[in-house]
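Chain by chain, the residues run as shown.
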Amino acid sequence: FLFSLVLGIFTVALIGNTVMVLLIYLDSQLHTPMYFLLSQLSLMDLMLICTTVPRMVFNYLSGRKSISLAGCGAQIFFYMSLVGVECFLLAVMAYDRYVAICHPLRYTILMNQKLCVLMTVASWILGSLDDIIVLVAALSFSFCSSLEIHFFCDVAALFPLSCTETSAFERLLFICCVVMLILPVSVIIIFYSHVLRSVILMNSKESRHKAFTTCSSHLSVVGLYYGAVMFMYMRPASNHTPEQDKIVSAFYTILTPMLNPLIYSLHNKEVSRGLKKLLTK
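These remarks concern the structure in this document. The shown structure was predicted, so the numbers you read here are calculated from the model rather than taken from an experiment.

A few words on the pattern of salt bridges. As enumerated under the stated definition, the model contains two salt bridges in all. The partner of arginine 273 in a salt bridge is aspartate 27, with the nearest N and O atoms 3.4 Å apart. In this pair, arginine 273 is assigned in helix H10 (residues 269-280) and aspartate 27 in the loop between helix H1 (2-26) and helix H2 (33-62), connecting sequence segments 246 residues apart. Notably, a salt bridge pairs arginine 97 with aspartate 96, separated by 2.8 Å at the nearest N-O pair. Assigned by exposure class, arginine 97 and aspartate 96 land together as buried.

Attention now goes to the environment of isoleucine 49. Inspection of the secondary structure assignment puts isoleucine 49 in helix H2. The exposure class assigned to isoleucine 49 is buried, which follows from its relative accessible area of 0%. Between the C-alpha atoms of isoleucine 49 and phenylalanine 10, which are 39 residues apart in sequence, the distance is 7.1 Å.

Throughout the structure, instances matching the rule amount to five aromatic pairs. Look at tyrosine 95 and tyrosine 98: their rings are 6.4 Å apart centre to centre, the planes differ by 40 degrees, and that puts the pair in the tilted class. With a gap of three residues between them, tyrosine 95 and tyrosine 98 both fall in helix H3 (residues 69-102), about one helical turn apart. Residue tyrosine 95 shares its accessibility class with tyrosine 98, and that shared class is buried.

Reading guide: rules and limits
Residues numbered from 1 in each chain as written. Predicted model: local features only at pLDDT ≥ 70, side-chain atom pairs only at ≥ 80, totals over all residues. Heavy atoms only, no water. Salt bridge = Lys/Arg side-chain N within 4 Å of Asp/Glu carboxyl O. Helix = DSSP H or I, 4+ residues; strand = E, 2+ residues; numbered from the N terminus. Buried < 20%, exposed > 50% of the residue type's maximum accessible area, 1.4 Å probe, protein only. Phe/Tyr/Trp six-rings, centres within 6.5 Å; stacked < 30°, edge-to-face > 60°.

Now the structure itself:
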């Protein structure tokens with residue numbers, strides 16, 4: 001049952017995010033900064049779910065229940081990098097919505113294509129650098145002879161497996177989480193406080209409805225993603241339990257990549273229109 005459930009979720013996430021990327025690339029009316037950032041989010045979700053699920057499915061079908069240290073390190077690198085990049089990208093998307101709603105007449109200047117690409121590249125670089133620091137520190141641990149992790153290699157799962165003192169690494173991980181999580185969340189809160197103020201002051205009900213619809217999709221994704229990641233990485237290692245880690249890890253590595261394209265496609269008329277147009281062709 002669990003195998004079928006995970007495989008079904010993986011298939012929906014794979015198809016949904018692939019369709020979003022292709023749709024935004026093929027439909028010229030979606031060639032705007034907002035949809036470019038959305039295509040990057042779908043690409044990250046696609047890569048994130050492909051980092052963990054295929055290996056898990058292979059292990060289940062083959063009966064193998066082991067992974068090399070190099071394989072574990074590679075999985076941690078791609079997984080943590082994508083988590084970090086997505087955190088920064090969600091902050092960039094909040095800035096895009098802030099400019100579109102609070103400064104609509106200056107949108108093409110404040111959110112031009114060059115700046116959009118530059119901020120996206122910066123998100124990829126910052127997310128990867130943050131992960132490299134964590135990965136180097138994590139792989140310097142001395143591990144006991146008998147190791148057991150849940151369905152994929154994760155930094156949080158390595159804490160109880162280490163034979164060495166991890167308190168210094170926990171402080172390092174907390175600092176990296178502050179940069180990777182708290183900083184983008186603070187930026188998102190600041191931008192959306194301005195957005196909320198502007199929406200309340202709008203005279204037209206139609207304009208308010210359109211603004212709320214546009215922002216609700218992004219806020220839904222932010223709430224789902226940051227809530228799970230913060231619960232996972234901002235707690236002390238002594239508070240971690242295998243059961244909680246399994247559930248939370250599965251939520252933001254498997255369920256969230258599936259939910260993101262559904263949330264945006266259901267809440268966004270332009271995406272729905274583009275999808276119907278593409279299917280008709």
